[in-house]
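Next come the chains, spelled out residue by residue.
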Amino acid sequence: MKKYDHKKIESKWQKFWAENKIFSAHDKSDAEKKFILIEFPYPSGTGLHMGHMRPFIAGDVVSKYWKLKGKNVMYPVGWDAFGLPAENFAIKNKVHPEVSTKKNIANAKKQLLSWGTGFDWDREINTTDPEYYRWTQWLFLQFLKKGLAYEATGLINWCPKDKTGLANEEVIDGKCERCGTVVEKKELRQWYLKITDYAEKLLEGLKALPEWPLAVKTQQENWIGRSEGAEFEFKLTAKNLQLGAIRVFTTRPDTLFGVTYVVLSPESNYVQSLKDKILNWSEIETYIEDTKNKTEIERTAEGKEKTGIELKGIKAVNPVHGEEVSVFVADYVLAHYGTGAVMAVPAHDGRDFEFAKKYNLPIKEVVSGGDSAKAFTADGELLNSGEYTGLKSDEARQKITEKFGQKKVTYKLRDWVFSRQRYWGEPIPIIHCRGCWEISNHKSQITNKKEGIDYVVVDGSEHMIVPVPEKDLPVKLPKVKEYEPTGTGDSPLAAIEKWVKVKCSECGGDARRETNTMPQWAGSSWYWLRYTDPKNTTNFSSQESQKVWTPVDIYFGGMEHTTLHLLYSRFWNLFLYDQGLVLEKEPFTKRVPHGMILGPDGEKMSKSRGNVVNPDDFVTDFGADTTRLYMMFLGPHENRVAWNSDAIIGTRRFLEKVWRIQEKVNEKKTVSESKELEILLHKTIKKVGEDIESFRFNTAISSLMILVNEIEKVEVISQETFGSILKLLSPFAPHMTDELWADLGNKESLYLESWPSYDESKLVSETVSIVVQIAGKVRAHVVVGRDVTEEVVLPLVKDLPEAKKWLDGKEIKRVVFVKNKLISFVL
Ligand code: ANZ
Ligand code: ZN
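Every value quoted in this text rests on a predicted model; they were computed, and no experiment measured them.

(A) Representation of the packing of helix α21 (residues 675-693) against helix α22 (residues 697-713) within the structure. Look at α21 against α22: their axes get within 8 Å of each other, and the N-to-C directions meet at 165°. With respect to α22, the axis of α21 lies roughly antiparallel. The way α21 lies across α22 gives a crossing that is left-handed. Residues Leu-677, Leu-680, Leu-681, Thr-684, Lys-687, Val-688, Asp-691 and Ile-692 of α21 touch α22, and the partners they reach there are Phe-697, Thr-699, Ala-700, Ser-703, Leu-704, Ile-706, Leu-707, Glu-710 and Ile-711.

Encoded structure:
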């Protein structure tokens, strides 16, 4: 027997698979397609880590399995190479991002190959390739054409460390998703994508995804945050002077009689417009300034002490009965939710209750069921509510809204801040032209005949927004020496005069390029479509290719992307669907999240903790097959699991055991094997297939281990049996199995074979004959399956005519059951 030399075997097969394109997907094929996707990695300087390896190997196992099951599998990979991680690495190591990205990609690709993955390298894509980002820019212009990309000046999230604006989705618990720095607010001119126009469709679409985990759908649903309620108008007065009105959004119109004050958000325009009438304006102004330094979490968390200041001299009038209540500014009311103004009902809302207690404001109970110790927030029967008293909350909500307000649906989702003040991103394909603005007579909107776009002028900038004509795409990122972020709110591109100055494609006059770049989520918002048609130079992805491959059947990825990439890509896809540019409404049929791989100490891997383990060390020392198998054996795919560097040796020994089994293989095609072994083999074939199909990799492996242990005990096995075992193991340990398959005398790779099938009739164990004893005498025999229980045997026996004769009319005192042998009735 030759030695199990993993290094030799693994590099041999990696070379063979690549040269023979064993794992390529075929655009033309009679077989049913399976599009299996992993979230493409960003090529960082430290290489791919355990967090990549887990989903990538899972996807690879599933791909190899379906290939053996005869499907036309596409398992593609590419590089999500724009964005902060690549750029930060480049800055830190003083190399241009383009250079470092190239190097990092080469390294990561080497890693992926060394893991024995079967990616289709002919479809490799790279978001920083101008031939790729040409289409990212083109797609952006489609949003612009439909009015779903717009520019506005607003108070946005700003990461002071990364020196760029961020989308709401990138702020996790008040911190930058990338670097963990507490996010500030900054007023900046920004590009936005109007994802809010798709709030309803994004929610609706979730219902058509039965194969997504509930947790993922719920998280998206909560993020979109649909609230049904109503708006009411409260008139404002100052010493009997009418000052106009404010509108409040509430989900509890049934509590309108319980309003004891009204609160405006500090950023709300209402406050500014009341400036002259407010008696304590300077105090208010200070408060507004102070709010700027607080995060949303600090402002709104229940239990945090609430602050606020009364607008002296202003009153609000409750529309139900004309009662006047005080008006406050308080930072627990956010500017960008609902109307930015709240009717406060301390008896029935927790935050209002805390606030009212602190400032000694009246608390008026209008829904029965609570006590005065805390707010009673549930529904109930109305109290103190005029003609509505006695109604149930539900009914009261309807009636009060009908009479005094308007039904309203509000979403938590905000428009997507789509520009970054960073160098390493797709340039936004826009120029700003003063000439065109002059020509349009300073109108805020004109229609471009050529491309049918309504151009919108930037607030106050006195320029027209002109999209770069499609024929001039891509707008290439200029090669520069200085690409560090400026921190001023300008992108580093703004300093490159030569690149910024450009002739306007509309009027021919002097214009300036947009210098912000797209966020790192841009390229990934459509990449799976490009895999279907990666070389197309005239279309981002042709409909013919989409027809072959979309939707993605299985999408492996992290839970942390649920309200980032996974939401963004559904949004792009829905939008493109509406434009007739993609064929499927929902891009990903099944989503499979994975648990994090923790360090050996059970903590999240991190450099500072010193518990980072590198997959490549294990691949080198133990082999890719062992590492893959161990990774998949760690525990349920969706669970967090700790990497135990000592336990991997057990997995290696298991593979060595399989290796040794080749000695037992008989020369002849078949030998007679025991019935038990045959049953076990068929059971294992069934189990491994079912487990892989439902991502229970660890239990698939355990059943393989049981089978191999049994085989170890026998003297000889047939080639056929060994072949089946190799196939079952091959998705997990591809190199060794292909090697042993060849050693059996096969001329072709195991992956050109098909998955073993099991025989349903072979699954049932053999039968046994059980003695039926009645009152101490043998009266009958009954034939049943081996190992069946008393519950199964008893009714069978009672139905036997030979037994009935002796049992009918008698009282059975006791039944003794001996498995596989005897059932005895004591009368
Ligand atoms: C009166 C009221 C009475 C409310 C009551 C609740 C309970 P969701 O469910 O999250 O949509 N609200 C409205 N706009 C707000 C803003 N800009 N900032 C902070 N809070 C705001 O929450 C809707 C409720 O949150 C609204 O219903 C409003 O308080 C508050 F017994 O109005 B409610
Ligand atoms: Zn112009």
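(B) Highlighting the coordination of the zinc ion (ligand 2). Each protein donor to the zinc ion (ligand 2) is listed here as Cys-433 (SG), Cys-436 (SG), Cys-504 (SG) and Cys-507 (SG); together their distances run 2.2 to 2.5 Å. Taken together, the four donor atoms surrounding the zinc ion (ligand 2) define angles of 98 to 119° at the centre, an arrangement classified as tetrahedral. Each donor residue of the zinc ion (ligand 2) lies on the same chain, and together they follow the pattern C-x2-C-x67-C-x2-C. Taken together, the positions of Cys-436 in helix α13 (residues 434-439) and Cys-507 in the loop between β22 (501-503) and β23 (510-513) put the pair 71 residues apart, joining distant regions of the chain. Take Cys-436: its relative accessible area is 8%, and that puts it in the buried class.

(C) Representation of the sheet that holds strand β21 (residues 464-467) within the structure. The strand order β21-β18-β23-β22 describes an open sheet built from four strands, whose pairing is antiparallel. Edge strands, defined here as strands with exactly one partner in the open sheet, are β21 and β22. Pairs of neighbouring strands in the sheet enclose a mean axial angle of 40°, with direction left out of account. Judged from the three bridges that link them, strand β18 (residues 430-433) and β23 form a sheet pairing that is antiparallel. Within β23, the position partnered with His-432 by the bridge is Arg-512.

(D) Just the pairing of strand β13 (residues 308-317), in detail. Sheet topology places strand β10 (residues 226-238) next to β13; three bridges connect them, and they run antiparallel. Note that in β13 the partner of Leu-236 across the bridge is Ala-316. Two elements, β13 and strand β14 (residues 324-330), share six bridges in a ladder whose sense is antiparallel. Bridge pairing in β14 links Ala-316 to Val-325.

(E) Main features of the packing of aromatic side chains. Under the criterion given, the structure shown has 48 aromatic pairs. For the pair Trp-135 and Trp-138, a centre-to-centre distance of 5.7 Å together with 70° between the ring planes defines the contact as edge-to-face. In this pair, Trp-135 and Trp-138 are both assigned in helix α5 (residues 130-145), three residues apart and thus about one turn of the helix distant. The exposure class of Trp-135 is buried, given its relative accessible area of 7%. Taking the centre distance of 5.8 Å and the plane angle of 10° together, the rings of Phe-140 and Phe-418 count as stacked. Highlighted residues: Phe-140 in helix α5 and Phe-418 in the loop between β17 (416-417) and β18, separated in sequence by 278 residues. There is no split in this pair, since Phe-140 and Phe-418 are both buried. Pairwise contacts between aromatic rings join Phe-140, Phe-143, Trp-191, Tyr-198, Trp-416, Phe-418, Trp-521, Tyr-568, Phe-571, Trp-572 and Phe-575 into one cluster. The ring of Trp-17 has Lys-64 lying over it, and the distance from NZ or CZ to the ring centre is 5.6 Å. The positively charged end of Arg-570 is found above the aromatic ring belonging to Trp-212, 6.0 Å away from the centroid.

Conventions adopted
Residues numbered from 1 in each chain as written. Chains lettered and ligands numbered in written order. Predicted model: local features only at pLDDT ≥ 70, side-chain atom pairs only at ≥ 80, totals over all residues. Heavy atoms only, no water. Axes fitted to C-alpha atoms, helices over the stretch in contact; angles between N-to-C directions. Helix = DSSP H or I, 4+ residues; strand = E, 2+ residues; numbered from the N terminus. Parallel < 35°, antiparallel > 145°, perpendicular 65-115°, else oblique. Left-handed = near helix turned anticlockwise from the far one by under 90°. Contact = heavy atoms within 4.5 Å. Donors = N, O, S within 2.8 Å, 3.2 Å for Na, K, Ca; no water. Tetrahedral: all angles 85-135°; square planar, octahedral: opposite > 155°, others 65-115°. Buried < 20%, exposed > 50% of the residue type's maximum accessible area, 1.4 Å probe, protein only. Pairing = 2+ DSSP bridges. Phe/Tyr/Trp six-rings, centres within 6.5 Å; stacked < 30°, edge-to-face > 60°. Lys NZ or Arg CZ within 6 Å of the ring centre and 35° of its normal.

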